[in-house]
Amino acid sequence: MNENTHADFSNDLKMIHETSSGEKVYRCDDSIVVMLPENRNAMTTSYVNGGYQEHLQAVFNHEPKPTRGHCAHDLEGGSVEAYIKIHAGRLGLNPEKVAAMMTAAKMKNAAIATRSFRDLEVTAIVTAGIEVNGGRAGDPATWHEEDGKTVYVGGTINTIIIISSHLPAHALNRVIMTATEAKTVAIQQLMAPSKYSTGIATGSGTDQICVISNMDCPNIITWAGKHSKLGELIGRCVIEATTEALARQTNLTPDSQRDVLVRLERFGIDEKKYWETASSLEGENKRDIFIKNLRDFSRTPSVVAMISSLLHIVDEIEWGLVPELAGKKTALSIMKTLPELVGVKNHPDLDRITGERYTIIENWVRLSSWCVKNGF
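Residues numbered from 1 in each chain as written. Predicted model: local features only at pLDDT ≥ 70, side-chain atom pairs only at ≥ 80, totals over all residues. Heavy atoms only, no water.

Colleague: Describe in detail the overall build of the protein, supporting the description with residues and values.
Modeller: Tallying secondary structure elements over the protein gives 12 helices and 13 strands in all. When its C-alpha atoms are laid out on the principal axes, the protein stretches across 75 × 45 × 40 Å. The burial tally for the protein puts 51% of its 376 residues in the buried class. For the protein, the share of sequence-separated contacts (at least 6 apart) that also reach a separation of at least 24 residues comes to 73%. About 17700 Å² of surface is accessible on the protein, with carbon and sulfur atoms providing 49% of the total. Each charge class in the protein was averaged separately, 40 positive and 46 negative side chains, and the resulting centres sit 5 Å apart. (Helix = DSSP H or I, 4+ residues; strand = E, 2+ residues; numbered from the N terminus. Buried < 20%, exposed > 50% of the residue type's maximum accessible area, 1.4 Å probe, protein only. Contact = heavy atoms within 4.5 Å. Areas by Shrake-Rupley, 256 points an atom, 1.4 Å probe, with all protein chains shown as cover. Lys, Arg positive; Asp, Glu negative; His and termini not counted. Charge placed at Lys NZ, Arg CZ, Asp CG, Glu CD.)

Colleague: Could you give me a rundown of the pattern of salt bridges, with the residues and numbers involved?
Modeller: Evaluation of the coordinates by the stated rule reveals 15 salt bridges. As a salt-bridge pair, Asp296 and Lys292 come within 3.7 Å of each other at their nearest N and O atoms. One end of the pair, Asp296, and the other, Lys292, are both in helix α7 (residues 287-298), 4 residues apart, so they sit about a helical turn from each other. Taking relative accessible area as the criterion, Lys292 reaches 53% and is therefore assigned exposed. (Salt bridge = Lys/Arg side-chain N within 4 Å of Asp/Glu carboxyl O.)

Colleague: Let's hear about the sheet that holds strand β3 (residues 31-35): which residues, and what values?
Modeller: Within a beta sheet, neighbouring strands are joined by backbone hydrogen bonds and run either parallel or antiparallel to one another. Pairing within the open sheet is mixed, and its 5 strands lie in the order β1-β2-β3-β6-β7. Since the sheet does not close on itself, it has two edges, and those belong to β1 (14-18) and β7 (98-102), each with one partner. Adjacent strand axes in the sheet meet at a mean angle of 20 degrees, parallel and antiparallel pairs treated alike. The pairing of β1 with strand β2 (residues 24-27) spans 4 bridges and is classified as antiparallel. Pairing of His17 across the sheet is with Val25, part of β2. (Pairing = 2+ DSSP bridges. Axes fitted to C-alpha atoms, helices over the stretch in contact; angles between N-to-C directions.)

Colleague: An account of the packing of aromatic side chains is needed here, citing residue identities and associated values.
Modeller: Ring pairs (aromatic) are described by centroid distance and by the angle formed between their planes. This model, assessed by the stated rule, comprises 2 aromatic pairs. Aromatic pair Trp275 and Phe290: ring centres 5.4 Å apart, planes at 50 degrees, arrangement tilted. A residue pair is termed long-range when its members are at least 10 positions apart, and Trp275 in helix α6 (residues 271-278) and Phe290 in helix α7 qualify at 15 residues. Residue classification places Phe290 among the buried positions, given a relative accessible area of 4%. (Phe/Tyr/Trp six-rings, centres within 6.5 Å; stacked < 30°, edge-to-face > 60°.)

Colleague: Can you break down unusual backbone geometry residue by residue, with the values?
Modeller: At Asn39, a position not held by glycine, the phi torsion is positive, near 60 degrees. Within the fold, Asn39 resides in the loop between β3 and β4 (40-44). The backbone of Asn251 shows a phi angle near 60 degrees, a positive value even though the residue is not glycine. Along the polypeptide, Asn251 turns up in the loop between α4 (229-250) and α5 (260-264).

Colleague: Lay out the sheet that holds β4 with the relevant residues and their values.
Modeller: Overall, mixed pairing links the 6 strands, which are arranged β5-β4-β13-β11-β9-β8 in an open sheet. The sheet is open, and its two borders are formed by β5 (51-54) and β8 (111-117), each paired with just one other strand. Pairwise comparison of adjacent strand axes, ignoring direction, gives a mean angle of 15 degrees for this sheet. Sheet analysis places strand β11 (residues 157-163) next to strand β13 (residues 208-214), joined by 5 bridges and oriented parallel. When the sheet's bridge partners are listed, Asn158 is paired in β13 with Gln208. With respect to the sheet, α4 is in contact with β8, β9 (120-128) and β11, its orientation differing from that of β9 by roughly 25 degrees.

Colleague: Outline helix α8 (residues 301-318), listing residues and values.
Modeller: Each full turn of the α-helix corresponds to 3.6 residues, which orients residues three or four apart in the same direction. Look at α8: 26 Å from first C-alpha to last across 18 residues, which is about the 26 Å you get at 1.5 Å a residue. For α8, the complete set of buried residues consists of Val303, Val304, Met306, Ile307, Leu310, Leu311, Ile313, Val314, Asp315 and Glu316. Structurally, α8 contributes buried residues whose contacts are with α5, α7, α9 (324-335), α10 (338-342) and α12 (360-373). One or two positions beyond α8, positive phi appears at Gly320, with a value near 80 degrees. (Expected span 1.5 Å × (residues − 1).)

Colleague: Just give me the short version of the pairing of strand β6 (residues 58-62), but keep the residues and values in it.
Modeller: Extensive coverage of β6 is indicated by the burial of 5 of its 5 residues. With burial as the criterion, each face of β6 is covered, one bearing Ala58, Phe60 and His62 and the other bearing Val59 and Asn61. Summarising the sheet, β3 and β6 pair through 5 bridges and their orientation is antiparallel. Following the sheet pairing, Ser31 is matched in β6 by His62.

This is the structure:
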């Protein structure tokens with residue numbers, strides 16, 4: 001890196017990783033920079049020098065300062081492209097020789113994972129945050145691009161993948177497919193909710209990726225699908241790094257998801273909705289006590305296991321895999337064991353509290369509210 005052209009950052013960029021093939025990874029407060037040796041090819045979603053490129057000098061991931069309108073034209077320079085070029089210069093990089101991604105995630109929360117097999121090495125560098133705009137493919141859109149105007153949205157999973165072998169352009173595209181599936185695996189294993197539907201998220205609406213391979217390597221790999229060893233390494237790296245980055249950025253972890261209220265969030269059920277339901281059922285209406293007991297109830301592992309089963313039935317009905325009536329009957333039979341599961345001494349009149357006239361979610365909220373209010 002040219003020390004004279006990025007003096008503002010020369011003391012801030014610190015090397016945090018180096019691959020076996022010589023790519024060096026640097027980080028400062030708002031950027032991660034991967035310096036590339038000569039003869040690298042890349043496939044990227046970058047606004048600048050995006051698509052297939054050969055001989056890039058660097059790729060970087062950057063967290064810009066928040067803008068008032070969260071729109072591209074509010075960025076310095078008036079567009080994403082102009083802003084990337086400006087920031088590249090500040091990093092001491094040639095804007096014509098870089099690819100870049102932007103995100104609201106903190107660079108300090110980036111995760112790096114490496115896997116190798118014989119002479120093949122794969123490294124994934126991920127920043128991740130989907131608490132703002134996590135979504136499921138096919139969800140209702142939130143904005144439309146027209147006449148070159150775009151909206152910058154906070155919350156993104158950005159992935160840089162470095163491969164020690166030489167991949168032609170078509171194989172780099174295949175890496176993107178495998179990596180995207182792996183990212184979705186990480187998100188769905190955490191049951192992260194979409195912010196735009198009742199579905200489980202598959203990513204954010206602004207995810208980006210850069211894939212780099214080594215054209216100097218004599219080992220040419222032409223396939224990166226799941227059946228190949230390269231595909232396996234990509235999958236493992238991306239799952240590990242995405243999972244770790246989500247944990248670092250927003251504490252999205254298996255433990256944080258082990259909560260009934262968290263699981264019901266995607267259906268619009270919260271403490272307020274619970275209290276509205278509970279206050280209409282028999283028992284003392286003491287809100288503070290109810291909310292305290294609800295939070296304890298919500299973190300009970302056996303109860304989380306039950307709601308997980310019930311919500312999967314709800315999902316399968318939505319996907320057309322289970323007929324609605326059969327799904328409702330089965331869900332009702334499962335949830336009727338809840339009072340015994342949580343040790344409620346006086347069992348409720350199940351026919352009064354639950355029934356096929358209610359949805360699965362409504363039946364659950366009514367019955368679990370009664371249990372919390374009357375003896376949990």
